[in-house]
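# Topology and contacts: notes
Residues per chain are reported as follows:
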6 protein chains.
Amino acid sequence: MFFHKQELQFKASPSKPDAVYARRLQEVLGGQYGEISVAMQYGFQAWNSHKPGKYRDLLFGIGAEEFGHVEMLAIMIAQLLEKAPVEQSEAAMAADPVLGAVIGGTDVQAAIVAGAGARPVDSNGNPWQGSYVTASGNLLADFTANANAEMQGRVQAARLFNMTDDKGVRDLLSFLIARDTMHQNQWLAAIAELQAEGTETLPVPSNFPINQEHREFSYEYINFSDGPAAAEGSWAAGPTPDGKGEFSYRDGPETSVPMPPPTQPDSRFFGT
Amino acid sequence: MFFHKQELQFKASPSKPDAVYARRLQEVLGGQYGEISVAMQYGFQAWNSHKPGKYRDLLFGIGAEEFGHVEMLAIMIAQLLEKAPVEQSEAAMAADPVLGAVIGGTDVQAAIVAGAGARPVDSNGNPWQGSYVTASGNLLADFTANANAEMQGRVQAARLFNMTDDKGVRDLLSFLIARDTMHQNQWLAAIAELQAEGTETLPVPSNFPINQEHREFSYEYINFSDGPAAAEGSWAAGPTPDGKGEFSYRDGPETSVPMPPPTQPDSRFFGT
Amino acid sequence: MFFHKQELQFKASPSKPDAVYARRLQEVLGGQYGEISVAMQYGFQAWNSHKPGKYRDLLFGIGAEEFGHVEMLAIMIAQLLEKAPVEQSEAAMAADPVLGAVIGGTDVQAAIVAGAGARPVDSNGNPWQGSYVTASGNLLADFTANANAEMQGRVQAARLFNMTDDKGVRDLLSFLIARDTMHQNQWLAAIAELQAEGTETLPVPSNFPINQEHREFSYEYINFSDGPAAAEGSWAAGPTPDGKGEFSYRDGPETSVPMPPPTQPDSRFFGT
Amino acid sequence: MFFHKQELQFKASPSKPDAVYARRLQEVLGGQYGEISVAMQYGFQAWNSHKPGKYRDLLFGIGAEEFGHVEMLAIMIAQLLEKAPVEQSEAAMAADPVLGAVIGGTDVQAAIVAGAGARPVDSNGNPWQGSYVTASGNLLADFTANANAEMQGRVQAARLFNMTDDKGVRDLLSFLIARDTMHQNQWLAAIAELQAEGTETLPVPSNFPINQEHREFSYEYINFSDGPAAAEGSWAAGPTPDGKGEFSYRDGPETSVPMPPPTQPDSRFFGT
Amino acid sequence: MFFHKQELQFKASPSKPDAVYARRLQEVLGGQYGEISVAMQYGFQAWNSHKPGKYRDLLFGIGAEEFGHVEMLAIMIAQLLEKAPVEQSEAAMAADPVLGAVIGGTDVQAAIVAGAGARPVDSNGNPWQGSYVTASGNLLADFTANANAEMQGRVQAARLFNMTDDKGVRDLLSFLIARDTMHQNQWLAAIAELQAEGTETLPVPSNFPINQEHREFSYEYINFSDGPAAAEGSWAAGPTPDGKGEFSYRDGPETSVPMPPPTQPDSRFFGT
Amino acid sequence: MFFHKQELQFKASPSKPDAVYARRLQEVLGGQYGEISVAMQYGFQAWNSHKPGKYRDLLFGIGAEEFGHVEMLAIMIAQLLEKAPVEQSEAAMAADPVLGAVIGGTDVQAAIVAGAGARPVDSNGNPWQGSYVTASGNLLADFTANANAEMQGRVQAARLFNMTDDKGVRDLLSFLIARDTMHQNQWLAAIAELQAEGTETLPVPSNFPINQEHREFSYEYINFSDGPAAAEGSWAAGPTPDGKGEFSYRDGPETSVPMPPPTQPDSRFFGT
Ligand SMILES: [Ca+2]
Ligand SMILES: [Ca+2]
Ligand SMILES: [Ca+2]
Ligand SMILES: [Ca+2]
Ligand SMILES: [Ca+2]
Ligand SMILES: [Ca+2]
């Protein structure tokens with residue numbers, strides 16, 4: 001169950017409205033790596049989890065915070081849009097070049113569809129979608145997805161920080177970036193703990209019997225491009241991170257097999 | 001530039017056709033974590049990369065292999081569909097319960113749209129989409145996305161392995177799973193190398209000035225749920241993985257701020 | 001069957017071209033609540049309807065008009081785009097700030113993809129999609145969806161009216177807004193008639209046996225937030241609109257149940 | 001801010017697993033009118049609202065409950081999937097016709113992607129999307145959208161009720177259907193209250209100056225189809241629900257205008 | 001303007017209901033090459049056309065017929081769904097294997113969402129989308145798209161013809177296939193006429209000054225694969241269809257250029 | 001198998017960065033008719049093909065080239081974005097009107113999401129999707145789709161050519177346009193060859209028994225609009241392109257049938 005309180009975790013008001021920036025901020029609300037994505041992702045991972053206790057609690061604990069971040073950004077965006085202009089004729093633009101820029105830079109649907117409101121979309125107006133969510137049921141894989149989400153999210157928030165000089169907006173971003181720092185660290189700690197405990201190890205999924213894979217291909221770097229530096233990295237020689245092999249390097253595949261003959265389906269599929 | 005050779009990296013023929021399984025296998029061809037996703041993801045990361053040398057070579061080298069995996073799966077799926085039935089009337093189903101199951105379990109578009117061919121869609125028929133791709137320009141974030149993709153992909157392939165007993169299909173999956181093992185290991189090695197070199201460190205992005213975030217919130221686990229085990233993990237106390245702080249734990253937020261007042265946009269947005 | 005006549009229901013020509021506005025107008029052509037949506041929605045409701053006579057006739061009668069509205073807007077948009085500029089270099093923009101605004105404000109695909117033509121997309125370029133359509137087979141639910149569509153559509157058209165001062169565009173919008181007024185009124189009249197006749201009543205669907213729902217929860221407002229004014233409305237006390245109960249108010253849930261234990265699926269799903 | 005409690009508003013466990021039904025139940029979790037839709041819709045309407053007090057409190061109060069409904073359905077679906085089969089070979093299907101039906105009827109991604117878990121998708125596997133949300137800033141329009149959502153949702157839940165005989169599932173649906181009854185009634189009460197107060201009246205939006213629409217077309221039913229019963233309804237004669245006119249009926253348009261001539265854009269768009 | 005008549009161009013009733021087939025038939029209603037696609041495509045091409053007269057008349061004339069085909073299929077599908085079962089429990093399936101197959105093969109949303117009605121989706125339940133439409137403003141390109149659409153549509157209808165033995169369904173398909181034959185022929189005739197008149201010639205667009213392309217690459221087949229039969233076709237030697245060159249064949253590119261160095265964007269994008 | 005070489009088929013560097021143009025160029029990279037579309041389309045057609053030899057070789061040979069075009073455009077776009085501005089405040093725009101235009105005209109996600117990189121999206125930021133691909137298994141239909149794709153692609157590239165005066169960009173476009181010329185010609189040659197050989201003829205699919213269609217409707221132009229020039233074209237009289245009939249013209253349908261009565265599904269679908 002979720003309970004709502006009409007307060008915010010941190011203040012979320014701009015120094016002054018800025019409809020152009022409102023559009024940009026939609027990215028971290030409704031984009032691939034926005035707050036809706038992490039809120040939903042942690043929620044589905046928790047609801048589907050197979051173990052009671054600390055990992056599930058962690059998912060619920062951070063997940064609920066993220067729903068609050070969705071709210072903070074929505075409220076911030078609504079305030080950034082508060083003075084969004086209605087008149088947007090060419091005459092108005094000719095009279096005021098900045099208005100022209102503003103008009104070009106705002107999300108037109110924020111005005112036409114939402115009447116100067118936030119929306120569950122990204123900065124290009126693409127609606128948020130469920131396929132942004134990863135919840136496989138394997139916690140090591142999923143926590144890696146979570147670490148990635150917090151990294152991508154922090155990169156985006158950091159870029160947005162430098163796209164404005166509004167003190168109020170920057171203040172909120174400073175807060176959200178700090179929380180991304182925390183959550184990055186938490187998922188990385190949980191990734192280490194899963195492995196230290198032996199709950200799940202590399203390669204993921206670790207309970208797939210390793211002899212069911214073609215082990216002769218498991219640690220060989222087959223380079224299908226021609227870059228001369230390809231063999232220099234730690235991924236081309238030495239022990240592998242899963243502790244189960246040694247990397248080797250090969251310049252292209254050693255062997256190959258002929259393509260199977262083309263298929264001949266039922267003639268009533270009317271192929272040629 | 002890409003050059004194509006009419007050979008395969010590994011044999012990709014089923015022991016016998018199985019249209020129901022063909023649909024399942026579409027997931028690792030055209031799904032969120034299928035081969036099209038990794039091929040495109042590594043490609044865009046390479047094309048956008050800012051450093052010449054080993055990391056870009058690695059992206060190109062694996063990326064080109066993945067395009068070959070796309071091909072292997074497409075060709076396998078076409079063969080699995082080779083005997084897909086055309087007649088699918090209710091009378092036919094009444095006469096043969098297995099046919100009924102087959103009809104229920106196949107992708108109807110494989111027959112109607114592709115004439116028994118593979119398609120760039122997942123196992124539910126959702127078209128592959130560009131928003132599955134992550135390429136932020138930050139290599140530590142992106143390699144974490146890559147490690148996740150290879151983990152999710154290996155989990156899915158392992159599940160698919162147990163959904164069939166066809167020797168030819170299992171043989172291909174054993175090969176692809178081995179390559180997933182390799183690629184998981186490679187991205188994890190590259191993640192370690194980026195940090196060891198100092199090219200990029202935690203928290204990502206590491207060149208965002210850390211004093212621009214509200215550091216008092218950077219290492220505090222604020223639990224917005226009520227799970228009693230929440231505080232037990234290594235993410236609630238002790239040093240943080242980024243080496244820059246100490247985790248602390250708090251049961252809910254210590255402070256909060258009132259919501260800002262509702263916005264009052266131009267009345268010609270006709271809100272209420 | 002549909003018959004087409006090469007005339008329009010109302011004049012649809014702008015006083016002069018305006019490519020920036022053309023993009024805005026796409027919203028009411030190909031957006032969530034644009035003319036394509038209502039034309040298709042009324043069509044599917046009619047084709048699926050279970051009763052001959054007045055309700056189906058109403059759906060066909062308005063639906064066919066809406067296809068004509070699609071046409072009027074497409075033709076208006078093509079004319080607004082008639083002088084859309086081809087050259088759009090930075091040099092050109094530096095020489096003419098208004099051009100810059102124009103370039104920023106136009107739909108780039110109107111030029112590149114359609115050669116200065118209308119498209120089945122919204123004002124952000126999102127393609128129209130079938131999931132905008134509601135046609136459940138329950139007329140009281142569906143007519144409520146229709147009333148909503150005409151309200152949202154009229155709100156958007158009213159906003160667009162104030163975003164231009166072009167006499168021709170405003171004239172068309174004045175016409176379309178009048179038709180929205182009519183259609184709002186018609187669906188509301190039909191909603192009343194369905195109930196007055198007893199064809200369908202509240203709660204929808206009314207032929208679901210009401211004793212199959214947990215009636216103790218059917219009229220209780222359980223407030224999961226902390227707003228002090230929550231209990232002031234007519235939704236918190238007094239008779240309910242369906243005429244079958246009395247509203248009551250509760251500050252949060254009275255009882256709750258523990259979460260069921262986590263699931264334990266087959267280990268070959270390789271969860272953790 | 002949202003706070004999470006690891007309890008449920010009502011019990012949400014099936015009598016026994018049923019993977020086929022799990023897929024069906026996804027519709028009211030992640031479909032167009034599922035719980036994610038209403039949770040998000042009420043959230044965005046609240047965050048964007050322009051008036052403090054009872055209407056915003058109502059949105060927050062119901063919205064937070066809906067997030068809990070999302071959770072209840074996700075947890076129910078995970079339990080329904082708990083015994084989802086891994087082996088799904090044709091041999092297995094031949095041996096057990098029910099298995100064949102099960103395989104045909106389940107969501108293949110629930111197994112391959114989520115390892116027997118719930119997902120933010122509908123019953124056909126289409127990802128939930130932000131374009132299901134309506135939040136225009138006009139409360140009379142938006143509450144009509146909400147009433148529609150609760151009607152459509154209750155219709156779907158009622159259909160699902162009869163698609164199973166599992167006592168646990170039916171019990172949860174009886175609860176959710178009761179809540180839909182409540183929420184339908186609440187939005188209808190709020191719609192009446194908005195008008196009774198004069199906050200917003202018909203036609204929506206009521207603060208658009210009505211003399212800016214072509215009033216001669218505002219109450220005329222122009223029938224573009226040929227149904228003989230078209231003129232029988234209360235929408236064709238008598239006073240209009242907005243109290244501002246009288247319906248009239250016309251069999252097709254009285255007048256029309258010629259199409260404007262085709263457009264002649266810049267020849268460098270390379271049209272013909 | 002469109003006028004609707006409550007009659008059909010051809011009879012559209014099945015001999016008996018068949019919910020499994022109803023799902024299949026959705027492909028030619030709401031799929032990529034279904035009737036909605038051609039109706040909308042011809043409509044947008046007409047509304048955007050730059051020439052009055054025969055070509056525009058052709059687009060309007062066929063386009064309006066296609067809207068009627070949408071209607072015929074929707075009505076056929078509703079009838080095929082008329083006896084769609086409500087009870088779909090596992091017990092019911094165990095008692096009746098055909099029911100199991102039926103359940104596996106039907107579109108679950110046809111029941112849950114539409115109450116046994118047609119929907120604007122394809123046979124996998126993907127909503128129809130505006131990006132299926134092609135309308136570039138260049139008639140030779142667009143009529144080629146139209147010829148393709150009628151070919152793909154006829155291939156699909158022919159496949160569907162053999163998936164049923166219902167006389168009523170086959171009768172309708174025989175009619176629609178005949179119309180596809182006609183429309184294929186019409187677009188091919190129009191393609192020839194455009195060129196014969198010189199309105200538009202090859203390569204499309206013909207009014208792009210041909211000396212602005214690198215003519216040395218305009219007729220050379222550079223084979224990036226290794227198929228030995230690649231050079232045998234009429235596309236590798238002899239005069240080109242545009243009448244402006246001679247095909248030549250080359251086994252891979254003759255020359256290439258080095259990749260440009262990686263980019264170095266502003267460091268505040270926080271790349272690595 | 002695909003092999004990658006770190007060279008380009010043609011030089012792909014702009015004279016100077018231009019972030020506004022970068023967005024435009026995304027259309028021919030990730031749009032409906034961009035290079036990703038043709039690369040994938042030719043790939044899937046090849047993988048699904050039923051005949052060894054020249055047609056399959058042609059698909060592989062061109063397909064692999066197109067993957068290289070994807071790369072060239074991605075690399076060009078990254079360079080165009082190299083100087084994309086980070087600061088984008090309103091103050092900055094007021095000081096520099098061109099900056100305002102730039103900000104309005106760029107793809108905001110290129111900055112926020114990709115850190116000045118190319119993405120698999122079109123010029124409006126819509127992600128590339130698998131439903132852009134056509135691969136039916138019928139080569140005459142599919143090669144017509146390919147000819148259309150190369151025509152649409154060349155039209156778009158020609159439009160883009162005139163939207164810039166950057167010598168480097170124009171040089172690349174001159175190359176790509178030349179290749180479009182070649183590929184248009186090749187698919188048209190292959191279309192002719194398929195028919196000349198008798199591998200596939202008109203109407204497509206030619207192996208559907210023509211007596212299974214209602215031949216009385218196969219060559220009759222039934223004009224559902226009222227354009228007076230409709231009957232003037234070669235599509236209204238004379239021999240048909242398939243060589244199997246004579247066109248005739250009719251002004252609207254000669255006969256029609258009544259609509260079937262509305263359906264009466266199970267009452268537990270709760271329709272009205
Ligand atoms: Ca967050
Ligand atoms: Ca792979
Ligand atoms: Ca309308
Ligand atoms: Ca609910
Ligand atoms: Ca047709
Ligand atoms: Ca190309």
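Details of the structure are given in the entry above.
Conventions used here
Residues numbered from 1 in each chain as written. Chains lettered and ligands numbered in written order. Predicted model: local features only at pLDDT ≥ 70, side-chain atom pairs only at ≥ 80, totals over all residues. Heavy atoms only, no water. Helix = DSSP H or I, 4+ residues; strand = E, 2+ residues; numbered from the N terminus. Rg over C-alpha atoms; globule rule 2.2 N^0.38 Å. Buried < 20%, exposed > 50% of the residue type's maximum accessible area, 1.4 Å probe, protein only. Areas by Shrake-Rupley, 256 points an atom, 1.4 Å probe, with all protein chains shown as cover. Contact = heavy atoms within 4.5 Å. Polar contact = N/O pair within 3.5 Å; in protein donor to acceptor, adjacent residues only side chain to side chain. Least-squares fit on C-alpha atoms with pLDDT ≥ 70 in both. Axes fitted to C-alpha atoms, helices over the stretch in contact; angles between N-to-C directions. Parallel < 35°, antiparallel > 145°, perpendicular 65-115°, else oblique. Left-handed = near helix turned anticlockwise from the far one by under 90°. Nonpolar A, V, L, I, M, F, W, Y, C, P; charged D, E, K, R; others polar. Donors = N, O, S within 2.8 Å, 3.2 Å for Na, K, Ca; no water. Pairing = 2+ DSSP bridges. Buried area = accessible area lost by both parts, 1.4 Å probe. Salt bridge = Lys/Arg side-chain N within 4 Å of Asp/Glu carboxyl O. Expected span 1.5 Å × (residues − 1). Phe/Tyr/Trp six-rings, centres within 6.5 Å; stacked < 30°, edge-to-face > 60°. Core = buried A, V, L, I, M, F, W, Y, C linked by side-chain atoms within 4.5 Å.

### Re the overall build of chain A
Along the backbone of chain A there are eight helices and six strands. What you see for chain A is a C-alpha radius of gyration of 25 Å, clearly larger than the 19 Å of a compact globule of 272 residues, by over 25%. Sorting the 272 residues of chain A into buried and exposed places 75% on the buried side. Carbon and sulfur atoms form 53% of the exposed surface of chain A, whose accessible area is close to 6,800 Å².

### Focus: the interface of chain C and chain F
With 46 residues of chain C at the interface, the matching set in chain F holds 37 residues. The tally of links from chain C across to chain F stands at 15 residue pairs in polar contact (both at pLDDT 80 or more). Secondary structure elements with two or more residues in the side of chain C that touches chain F: β1 (2–4), α3 (54–80), α4 (90–95), α5 (97–105) and α6 (108–112) of chain C.

### So, the relation of the copies chain A and chain B
Rotating chain A by 180° about the axis while translating it 0.0 Å along that axis superimposes it on chain B, leaving an RMSD of 0.0 Å. In symmetry terms, the pair is related by a two-fold rotation axis.

### As for the packing of helix α2 (residues 35–47) of chain D against helix α7 (residues 139–161) of chain D
Residues and elements named next belong to chain D. It is the contact of α2 with α7, at a shortest axis distance of 11 Å, that shows an interaxial angle of 165°. Between α2 and α7, the interaxial angle falls into the category roughly antiparallel. For the pair α2 and α7, the crossing hand works out as left-handed. Here α2 contributes Val 38, Gln 41, Tyr 42 and Gln 45 to the contact with α7, which in turn contributes Asp 142, Phe 143, Ala 145, Asn 146, Ala 149 and Glu 150. By residue class, the composition of the contact of α2 with α7 is five nonpolar, three polar and two charged.

### With respect to the coordination of the calcium ion (ligand 6)
Around a metal, the idealised angle for a tetrahedral arrangement of four donor atoms is 109.5 degrees; for an octahedral arrangement of six donor atoms it is 90 or 180 degrees. Residues and elements named next belong to chain F. Within the protein, Glu 35 (OE), Glu 35 (OE), Glu 66 (OE) and His 69 (ND1) serve as the donor atoms for the calcium ion (ligand 6), at 2.3 to 2.7 Å. Each donor residue of the calcium ion (ligand 6) belongs to the same chain, with the gaps between them written as E-x30-E-x2-H. Linking Glu 66 with His 69, this pair stays in helix α3 (residues 54–80), spanning three residues, or about one helical turn.

### Describing the sheet that holds strand β4 (residues 238–239) of chain F
Taken in spatial order, the three strands line up as β3-β5-β4 (chain F) in an open sheet, and their pairing is mixed. Looking at the sheet topology across the chains shown, the edges are occupied by β3 (220–222) and β4 of chain F. Both β4 of chain F and strand β5 (residues 246–250) of chain F contribute to a ladder of two bridges, which runs antiparallel. Note that in β5 of chain F the partner of Pro 239 of chain F across the bridge is Glu 246 of chain F. Relative to the sheet, helix α8 (residues 167–197) of chain E contacts β3 and β5 of chain F, its axis offset from that of β3 of chain F by approximately 90°.

### Structural notes on the pairing of strand β5 (residues 246–250) of chain A
Residues and elements named next belong to chain A. With three bridges joining them, strand β3 (residues 220–222) and β5 adopt parallel strand pairing. When the sheet's bridge partners are listed, Tyr 221 is paired in β5 with Tyr 249. A loop of six residues connects strand β4 (residues 238–239) with β5, the two strands running antiparallel in sequence, and Gly 243 in this loop sits at a positive phi of about 70°.

### Comments concerning the interface of chain A and chain B
Accessible area lost on assembly of the parts is the figure often given for the size of an interface. Contacts between chain A and chain B engage 114 residues on the former and 114 residues on the latter. Around 9,400 Å² of area is buried between chain A and chain B when both sides are counted, 62% of it from carbon and sulfur atoms. Looking at the side of chain A facing chain B, the largest losses of area belong to Trp 235, Met 259 and Phe 269 of chain A, adding up to 8% of the total buried there. Inspection of the region where chain A meets chain B yields two salt bridges. Among the ionic pairs, Glu 213 of chain A bridges to Arg 154 of chain B, the shortest N-O distance being 2.6 Å. Counting every contact that joins chain A to chain B gives 55 residue pairs in polar contact (both at pLDDT 80 or more). The element contributing the most residues to the side of chain A that touches chain B is helix α8 (residues 167–197) of chain A, with 15 residues. A class-by-class count of the residues in the side of chain A that touches chain B yields 57 nonpolar, 35 polar and 22 charged. When strand β6 (residues 257–258) of chain A meets strand β2 (residues 7–8) of chain B, the two strands line up antiparallel, connected through two bridges. Its bridge partner lying in β2 of chain B, Pro 258 of chain A is registered against Glu 7 of chain B.

### Concerning helix α1 (residues 19–30) of chain F
All names here are of chain F. The terminal C-alpha atoms of α1 lie 17 Å apart, and with twelve residues this matches the ideal 16 Å at 1.5 Å per residue to within 8%. Extensive coverage of α1 is indicated by the burial of twelve of its twelve residues. All of the buried residues in α1 are Ala 19, Val 20, Tyr 21, Ala 22, Arg 23, Arg 24, Leu 25, Gln 26, Glu 27, Val 28, Leu 29 and Gly 30. Among the residues of α1, the N-terminal cap falls to Asp 18, whose side-chain oxygen and the backbone nitrogen of Val 20 are separated by 3.2 Å.

### A look at the relation of the copies chain C and chain F
With an RMSD of 0.0 Å, chain C superimposes on chain F once it is rotated by 120° and translated 0.0 Å along the axis. Read as a symmetry element, the transformation amounts to a three-fold axis. Looking at the rotation axis and the C-alpha trace of chain C, the residue lying nearest is Gly 104 of chain C, at 2.4 Å. With a heterologous cut-off of 20% or less, the 11% of interface residues of chain C that recur at the interface of chain F puts this contact in the heterologous class.

### Thoughts on the pattern of salt bridges
Within the structure shown, the criterion is met by 66 salt bridges over all chains. The partner of Asp 171 of chain B in a salt bridge is Lys 11 of chain B, and the shortest N-O contact between them spans 3.0 Å. Taken together, the residues Asp 171 of chain B in helix α8 (residues 167–197) and Lys 11 of chain B in the loop between β2 and α1 (19–30) connect sequence positions 160 residues apart. Of the residues examined, Asp 171 of chain B reaches a relative accessible area of 17% and is grouped as buried. Judged by relative accessible area, Lys 11 of chain B falls into the partly exposed class, the value being 48%. A single salt-bridge network, built from bridges that share partners, covers Lys 54, Glu 193 and Glu 197 of chain A.

### Digging into the packing of aromatic side chains
Evaluation of the coordinates by the stated rule reveals 96 aromatic pairs over all chains. A centroid spacing of 5.5 Å and a plane angle of 75° characterise the contact between Phe 2 of chain B and Phe 67 of chain B, whose relative ring orientation is edge-to-face. Taken together, the residues Phe 2 of chain B in strand β1 (residues 2–4) and Phe 67 of chain B in helix α3 (residues 54–80) connect sequence positions 65 residues apart. Both residues of the pair, Phe 2 of chain B and Phe 67 of chain B, count as buried. Centre to centre, the rings of Phe 161 of chain C and Phe 208 of chain D are 5.4 Å apart; their planes meet at 90°, and the pair counts as edge-to-face. With Phe 161 of chain C in helix α7 (residues 139–161) and Phe 208 of chain D in the loop between α8 (167–197) and β3 (220–222), this residue pair bridges two chains.

### Notes on the nonpolar core
Counting residues in each nonpolar core, the largest one holds 534 residues, and the members touching the most others are Leu 25 of chain A, Leu 25 of chain B, Leu 25 of chain C, Leu 25 of chain D, Leu 25 of chain E together with Leu 25 of chain F. Those residues in contact with Leu 25 of chain D, other than ones at most four positions away along the chain, are Leu 73, Met 76, Ile 77, Leu 80, Leu 160 and Leu 173 of chain D.

### Brief notes about the sheet that holds strand β4 (residues 238–239) of chain D
The strand order across the open sheet formed by three strands is β3-β5-β4 (chain D), and the pairing between neighbours is mixed. Both outer strands of the open sheet, β3 and β4 of chain D, are each paired with one neighbouring strand and no more. Taken strand by strand, helix α8 (residues 167–197) of chain C contacts β3 and β5 (246–250) of chain D, and its axis lies near 90° from that of β3 of chain D.

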